Amino acid sequence: MSQNYKSVFDIIGPVMIGPSSSHTAGAVAIGRAANSIIGGPPDKAVIRYYESFAQTHKGHGTDYAIVSGLLGFEPDDSRVPQAVDIARGQGIDIRFVEEQGDSPIKHPNTAILEMTKDGRQVTVSGCSIGGGTIEIRRIQADGFDIQPGGLLPFLLVEEPGTGQTCEDEVKPIADKLASLGVLGGCSECCDEERGKTMYAFDLDKPLTAQTVKDFASHSSRISYIS
Amino acid sequence: MFNSVKELVETSERENLPVSEIMIRDEMERYGEEREQVWDRMAKNLDTMDAAVVKGSTDKGVFSQTGLTGGEAALLRDYRKNKVSLSGDVMMEAVQAAIATNEVNASMGVICATPTAGSSGTLPGVLAALKRRLELPREGQIRFLFAAGAFGMVVANNAMIAGATGGCQAEVGSASAMGAAAAVEAAGGDANMSAEAFAIAMSNLLGLVCDPVAGLVELPCVKRNAIGAGNALIAADIALAGGTNKIPADEVIVAMRQVGKNLPASLRETGIGGLAGTPTGEGFRRTIFGK
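Analysis parameters
- Residues numbered from 1 in each chain as written.
- Chains lettered and ligands numbered in written order.
- Predicted model: local features only at pLDDT ≥ 70, side-chain atom pairs only at ≥ 80, totals over all residues.
- Heavy atoms only, no water.
- Helix = DSSP H or I, 4+ residues; strand = E, 2+ residues; numbered from the N terminus.
- Rg over C-alpha atoms; globule rule 2.2 N^0.38 Å.
- Buried < 20%, exposed > 50% of the residue type's maximum accessible area, 1.4 Å probe, protein only.
- Contact = heavy atoms within 4.5 Å.
- Areas by Shrake-Rupley, 256 points an atom, 1.4 Å probe, with all protein chains shown as cover.
- Lys, Arg positive; Asp, Glu negative; His and termini not counted.
- Charge placed at Lys NZ, Arg CZ, Asp CG, Glu CD.
- Domains from an automatic or database assignment.
- Buried area = accessible area lost by both parts, 1.4 Å probe.
- Salt bridge = Lys/Arg side-chain N within 4 Å of Asp/Glu carboxyl O.
- Polar contact = N/O pair within 3.5 Å; in protein donor to acceptor, adjacent residues only side chain to side chain.
- Phe/Tyr/Trp six-rings, centres within 6.5 Å; stacked < 30°, edge-to-face > 60°.
- Lys NZ or Arg CZ within 6 Å of the ring centre and 35° of its normal.
- Pairing = 2+ DSSP bridges.

In this section: the overall build of chain B. Looking only at helices and strands, chain B has 13 helices and 1 strand in total. For chain B, the succession of helices and strands along the chain, N to C, is α-α-α-α-α-β-α-α-α-α-α-α-α-α. For chain B, the C-alpha radius of gyration of 18 Å lies close to 19 Å, the compact-globule estimate for 291 residues. The principal-axis extent of the C-alpha atoms belonging to chain B is close to 60 × 45 × 40 Å. Counting the 291 residues in chain B, one finds 60% classified as buried. Considering only residue pairs separated by 6 or more positions, chain B has 72% of its internal contacts joining residues 24 or more positions apart. Approximately 11,300 Å² of chain B is accessible, and the part contributed by carbon and sulfur atoms is 54%. Separation between the mean location of the 27 positive side-chain charges and that of the 33 negative ones in chain B comes to 7 Å.

As structure tokens, then:
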């Protein structure tokens, strides 16, 4: 038995624009997660679809859904069906690619988003597991390649590399999460050459807006993905 | 947290609480929220469902961009008014509400996914019948959704609710079983009867494939929700009468998962096999997408 679905509102909900919770609402969620990770709408995005997503993205509105998420829209925003035109109107370069092979993150509803923003490259691999619930299974950014637990919410932390040991730099964050009773697990990717590490803290519960604000003031390279 | 239907029934019997109340308390405890917050959020979901039923049933109804679906909830409304239906008017009201909701979904309108968008008409269909037959007040309608959610959570965590991983049995099948269980509670049955209704409803739809024509959530999705709602009401009635499924709900869920895993990819929301692969289905795909 898994514990992928924790809230009754994962089952009765979300309120969304049709037609598919996994291919539309879930795709909005993948786009929103990518938006949070890169810090706003990207300048360019190549969206690679696998398996069921590759076969049916046109019919299910997956294209406009992912782009809605990249723009930061909610799943029931009335602009969702027009998102691709809206994004292109803003000068965002968007391409969709139907991949033939199996999903690299082993799920039939997979989208891999290769994004560029202000010269920074970030790749987010997400899958939609049903009913609008998603997992982010891999993030490649700033030389890191990290595989979080998958489920949202999680906190992505890139420690600043001030010369302290990794533990000392992120310990206050981990302690704070533990004291709030929300810390589920932690994945890390260490770049020994640069002496820097990226962490993904899996959270059992969503953070309050105030806690997110407190963390954001602590470091600029900390993103809350919810 | 409950991990199985058995645990849900045992908790209900031990604490003398309906399943809906167990779900509400679980949600409050998990997220540290007040009852009012949890309740109001579900009330908003109910409002979304009601609005979709009204939208799909008003005037000529709504139509999808492809024209493959739409307008049949309005046809059913007129048919109910002018003719004597074979299945009885309560059943037809359920059918109309289910179809209206999924027509709204196919036309990119706002719906509440229960548990998915493709299966979003099943619970509103069951609710329409309960409102009419039991004069279920708003409070009871909200409780219905919590009870349905509790059973849905068990399915989602022990099997799957996505057509791409489990076929339509995981979507409309799950929605129908959730609706059957919650309908029993609304009608005054106990948690054990709910579990039986759940098991009967899911057993009836085991093996249902996900074969959307042209990969669109239209054919046959819209009408499958009508069957999901009807099946839920039938299963609930059998359980309320004292009928049992013999195979327990938790084992039916495992069977659903195994069947889902054994379905070929062509029958798991790829728009390749089943009705999607018929000459007419292929023809629709070519007309709509040019390939």
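Residues and elements named next belong to chain B. Its location among the elements puts G215 in the loop between helix 10 (191–205) and helix 11 (221–240). Classification of G215 as buried rests on a relative accessible area of 0%. Along the primary structure G215 and E269 are separated by 54 residues, whereas in three dimensions their C-alpha atoms are 7.0 Å apart.

Interfaces are often described in size by the accessible area the parts lose on coming together. All names here are of chain A. Domain annotation for chain A reports domain 1 (7–141) and domain 2 (149–225). Computed over C-alpha atoms only, the centres of domain 1 and domain 2 are separated by 24 Å. Taken together, the 11 residues of domain 1 in the interface contact 12 residues of domain 2. Both sides of the domain 1 and domain 2 interface together cover about 820 Å² of buried area, and 68% of this is carbon and sulfur. On the domain 1 side of the interface with domain 2, the three residues burying the most area are R120, I136 and I139, jointly 39% of the side's total. Counting across the interface, domain 1 meets domain 2 through 0 salt bridges. Here domain 1 and domain 2 share 1 residue pair in polar contact (both at pLDDT 80 or more) between them. Those elements that place two or more of their residues in the side of domain 1 that touches domain 2 are helix 2 (21–38), strand 5 (120–130) and strand 6 (133–141).

Here the focus is the packing of aromatic side chains. In total, this model carries 6 aromatic pairs over all chains according to the counting rule given. Aromatic pair Y49(A) and F96(A): ring centres 6.1 Å apart, planes at 0°, arrangement stacked. Remark: F96(A) occurs in strand 3 (residues 93–98) and Y49(A) occurs in strand 2 (residues 44–50); sequence separation between them is 47 residues. Residue Y49(A) is classed as buried on the basis of its relative accessible area, which comes to 0%. Both rings, one in W39(B) and one in F146(B), keep their centres 6.1 Å apart while their planes meet at 25°; by these two values the pair is stacked. Of this pair, W39(B) sits in helix 3 (residues 35–57) while F146(B) is found in helix 7 (residues 138–158), placing the two residues 107 residues apart along the sequence. Assessed through its relative accessible area of 0%, F146(B) is described here as buried. Through successive ring pairs, a cluster of aromatic residues spans F9(A), W39(B) and F146(B). A cation over a ring is seen here: R79(A) above F73(A), with NZ or CZ 3.9 Å from the ring centre. Positioned above the aromatic ring of F144(A) is the side chain of R194(A), whose terminal nitrogen or guanidinium carbon lies 4.9 Å from the ring centre.

All names here are of chain A. The buried fraction of strand 5 amounts to 10 of the 11 residues, a majority that puts the element mostly inside the structure. Of the strand pairs in this sheet, strand 4 (residues 109–117) and strand 5 are connected by 8 bridges, and their pairing is antiparallel. Within strand 5, the position partnered with T110 by the bridge is C127. Here strand 4 folds back onto strand 5 in antiparallel fashion, the turn holding 2 residues, of which D118 has a positive phi close to 50°. In this sheet, strand 6 lies alongside strand 5 in antiparallel orientation, the contact comprising 8 bridges. When the bridges of strand 6 are listed, S125 appears paired with R138. Where strand 5 folds back onto strand 6 in an antiparallel hairpin, the turn is made up of 2 residues, including G131, whose phi is positive at roughly 70°.

A few words now on the environment of E74(A). All names here are of chain A. Summarising the element assignment, E74 is placed in the loop between helix 4 (62–71) and helix 5 (83–89). Exposure remark for E74: the relative accessible area of 43% places this residue in the partly exposed category. Taking the C-alpha atoms as reference points, E74 and A29, 45 residues apart in sequence, are found 8.4 Å from one another. Apart from residues no more than four positions distant in its own chain, E74 is found in contact with V28, R32 and V80.

Once that is clear, we can look at the side chain of N109(A). Examined against the element boundaries, N109(A) turns out to sit in strand 4. For N109(A), a relative accessible area of 0% gives the class buried. Once residues lying within four places of it in the same chain are set aside, the contact partners of N109(A) are S22(A), H23(A), S52(A), F53(A), G126(A), C127(A), S128(A) and A164(B).

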